[in-house]
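This is what each chain is made of:
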Amino acid sequence: MSQIDGAFPRLNASMLHSGSHNGGIVSLIGKAVSFDGSNTLEFECVDGGKVQVQVNPDFDFQQGKVMEIMGAANEDKTIQFFINRELGEGFDFDTYNQMISKVLTNPKYSELFGAQG
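What you are looking at is a predicted structure, and each value in this text was computed from that prediction instead of being measured.

Where do I start with the nonpolar core in this structure?
The nonpolar side chains of a soluble globular protein tend to be buried with one another. Among the nonpolar cores identified, the biggest contains 27 residues, and Leu28, Leu41, Phe43, Val51, Val53, Ile69 and Ile79 are the most heavily contacted of them. If sequence neighbours within four positions are ignored, Val51 has contacts with Ala13, Leu16, His17, Leu28, Leu41, Glu42, Phe43, Cys45, Lys77 and Ile79.

Written out as structure tokens, the structure reads:
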């Protein structure tokens, strides 16, 4: 998969599960649901779908914490964690999900946002 340096597709769980971004670096927004204390974080994306994120054992888990996670999309539909950014409690999941699924992936807007789909 060819990817422009510094450009990361913004995905929800269903986009990740499609497999079209395997091997690339992606961005997911959602909330932390559970952590096995070892290396697997369950993450609920803005579309309500769940994604398993492979993290380090010292990951700072806080249930319900809203964040952006960036990492590599694996073939098994998991994410290899690179970095996260806390977004705060007022983040509107529905609006963001509509933006990434109806605007960023729409060829009509590709000149503004680049190829996301």
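Honestly, the packing of aromatic side chains in this entry has me stumped. Any pointers?
For any pair of aromatic rings, the description rests on two quantities: the centre-to-centre distance and the angle between the ring planes. Within the structure shown, the criterion is met by 5 aromatic pairs. Judged by centre distance (5.4 Å) and plane angle (85 degrees), the ring pair of Phe59 and Phe81 falls under edge-to-face. Taken together, the residues span a long stretch of sequence, with Phe59 in the loop between strand 4 (50–54) and strand 5 (66–73) and Phe81 in strand 6 (residues 79–86) at a distance of 22 residues.

Is there a simple way to think about the pairing of strand 3 (residues 40–45) in this case?
The two faces of the sheet receive side chains in turn, since in a regular strand these alternate between them. As paired elements, strand 2 (residues 25–35) and strand 3 share 5 bridges and run antiparallel to each other. From the neighbouring strand, Phe35 faces strand 3, where its bridge partner is Leu41. Turn length for the strand 2-strand 3 hairpin, with the two strands adjacent in sequence and antiparallel, is 4 residues, and the turn residue Gly37 shows positive phi of about 80 degrees. The sheet contact formed by strand 3 and strand 4 spans 5 bridges and is antiparallel. Counted as the bridge partner of Leu41 is Val53 from strand 4.

Thresholds applied
- Residues numbered from 1 in each chain as written.
- Predicted model: local features only at pLDDT ≥ 70, side-chain atom pairs only at ≥ 80, totals over all residues.
- Heavy atoms only, no water.
- Core = buried A, V, L, I, M, F, W, Y, C linked by side-chain atoms within 4.5 Å.
- Buried < 20%, exposed > 50% of the residue type's maximum accessible area, 1.4 Å probe, protein only.
- Contact = heavy atoms within 4.5 Å.
- Phe/Tyr/Trp six-rings, centres within 6.5 Å; stacked < 30°, edge-to-face > 60°.
- Helix = DSSP H or I, 4+ residues; strand = E, 2+ residues; numbered from the N terminus.
- Pairing = 2+ DSSP bridges.

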